[in-house]
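So the chains spell out like this:
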Amino acid sequence: MEQDLLGPSGVAFAGVSAAPLRGRAPWTMARNLARLARGTRQAGRLLASFRPDVVLMTGGYVSVPVGLAAWRRRIPSLLYLPDIVPGLAVRFLSRLATRVVTTAPDALRHLPRGKVVVTGYPVRPAFYSAARRQARAHLGLSEEEMVILVAGGSRGARSINRAVGMALPALLPKASILHVCGREGDEDWLRERAGQLPPHLQTRYRLYPYLHEEMPLAFAAADVAICRSGASTMGELPAAGLPSVLVPYPYVHQEENADYLVRNGAALKVSDDRLRSCDGRPDAGALIEALQPILEDPALRARMAEAARRLARPGAAQAMVRQLRELVGVE
């Protein structure tokens, strides 16, 4: 995916071998350790060829081979923690990195003291500059209607997609829905669900497998979002001043990200298991219940939007660049 996204920018791409370690069987652990060792050798050759002044790591196990190779060659490195709570790879790399930057002050207690700087989450400028009126015109939405944005990430979120699909008859009379369902499996089911609706409701449902360039427009056009609480939500939702209902993915550190936005008044949270009934079928009740006060109370939406904007850090990317320049002694 990263290679595909970088293609149009003209930025060169080289991949290295990597693999996760946590929660693996012993034989899988041994195989993955071998892959990490191979990736560290690959990264070493790349660094020897490219000869960088500084290395930027953005966390996750894919960063471990490059971090190790940079540390062994004494190349200064900057590690970025986008989430509130670091995973195993970031905890490990934070000991090797020259400096660490992070999205929010709440993350400081999880990181080594003395070398951490809070910069915020770097967001494309379009998330700050996209205008609501122009965004709605581009997406074929009227200025007056209520709009819900549903986005579960580039690969989608099965529990969110299915719950929203079940909620369409209840939600579409109240709002149009922009649904970015992801590229893995739910598009056909959602189209079938939408096809069972009365024609006047079908026109209020816009389904997209994926949006990239138009995603800032979707954020600007929406009144409320339903989404996971991956790290990007802590940058993009505040940048757009968009209230949200967050459904954290339960197997990574998304709960803490959601709690950060909820604590600051910018979001409500619904647990993933509440989107399924006891027999495992999709259940829209909790999602509809969470959305109802936001859809019906303009004052609440305004308070949540303002709370989200207060968390925005428009200069996050520039702050990270300053840290990189400091590490190599460039003013």
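Structural notes, computed from the coordinates.

Rules and cut-offs
Residues numbered from 1 in each chain as written. Predicted model: local features only at pLDDT ≥ 70, side-chain atom pairs only at ≥ 80, totals over all residues. Heavy atoms only, no water. Pairing = 2+ DSSP bridges. Helix = DSSP H or I, 4+ residues; strand = E, 2+ residues; numbered from the N terminus. Axes fitted to C-alpha atoms, helices over the stretch in contact; angles between N-to-C directions. Contact = heavy atoms within 4.5 Å. Buried < 20%, exposed > 50% of the residue type's maximum accessible area, 1.4 Å probe, protein only. Arc of directions from axis to C-beta. Salt bridge = Lys/Arg side-chain N within 4 Å of Asp/Glu carboxyl O.

1. What to know about the sheet that holds strand 6 (residues 176-180)
Part 1 of the argument: Strands sit in the order 7-6-5-8-9-10 across an open sheet of 6 strands; the sheet is parallel. If you trace the sheet from one side to the other, it starts and ends with strand 7 (205-208) and strand 10 (267-269), each paired once. Each strand of the sheet is rotated relative to its neighbour by a mean of 15 degrees, with strand direction disregarded.
Part 2 of the argument: Inspection of the sheet shows strand 5 (residues 147-151) paired to strand 8 (residues 224-227) by 4 bridges, in the parallel sense. Paired with Leu149 across the strands is Ala225, a residue of strand 8.
Part 3 of the argument: Each of strand 6 and strand 7 is contacted by helix 8 (residues 187-195), which is oriented at about 165 degrees to strand 7, the strand it contacts most.

2. Remarks on the side chain of Ser17
Part 1 of the argument: Take Ser17: it is sitting in the loop between helix 1 (2-6) and helix 2 (26-50).
Part 2 of the argument: By relative accessible area, Ser17 is classed as buried at 12%.
Part 3 of the argument: Excluding anything up to four places from it in sequence, Ser17 contacts Arg35, Arg38, Gly39, Gln42 and Pro65.

3. Some words on helix 12 (residues 254-263)
Part 1 of the argument: For helix 12, the full list of buried residues reads Gln254, Asn257, Ala258, Tyr260 and Leu261. Along helix 12, the residues classed as buried sweep out an arc of 150 degrees about the axis, all on the same side.
Part 2 of the argument: Packing partners of the buried residues in helix 12 comprise helix 11 (233-240), strand 9 (244-246) and strand 10.
Part 3 of the argument: Phi turns positive, to about 80 degrees, at Gly265, one or two residues after helix 12.

4. What about the pattern of salt bridges?
Part 1 of the argument: By the definition in use, this model includes 15 salt bridges.
Part 2 of the argument: Measuring nitrogen to oxygen at the nearest pair gives 3.0 Å for the salt bridge that ties Asp272 to Arg276.
Part 3 of the argument: In this structure, Arg274 engages Glu289 in a salt bridge whose closest nitrogen and oxygen atoms are separated by 3.7 Å. Of this pair, Arg274 sits in the loop between strand 10 and helix 13 (285-296) while Glu289 is found in helix 13, placing the two residues 15 residues apart along the sequence.
Part 4 of the argument: Taking relative accessible area as the criterion, Glu289 reaches 53% and is therefore assigned exposed.
Part 5 of the argument: Here the salt bridges do not stand alone but share partners, grouping Arg132, Arg136 and Asp223 into one network.

5. Describing the pairing of strand 6
One face of the sheet, then the other: side chains in a regular strand alternate in exactly this way.
Part 1 of the argument: Among the 5 residues that make up strand 6, 5 are buried, leaving the element largely enclosed by the rest of the structure.
Part 2 of the argument: Of the two faces of strand 6, the one lined by Ser176, Leu178 and Val180 and the one lined by Ile177 and His179 are each fully buried.
Part 3 of the argument: With 5 bridges connecting them, strand 5 and strand 6 associate as parallel partners. Residue pairing in the sheet places Val150 in a bridge with His179 of strand 6.

6. Observations regarding the sheet that holds strand 1 (residues 55-57)
Part 1 of the argument: The parallel open sheet is built from 4 strands, whose spatial order is 1-2-3-4. Both edges of this open sheet fall to strand 1 and strand 4 (116-118), since each of them pairs with a single strand only. With direction set aside, neighbouring strand axes in the sheet form an average angle of 25 degrees.
Part 2 of the argument: As paired strands, strand 3 (residues 99-102) and strand 4 are joined by 3 bridges and run parallel to one another.

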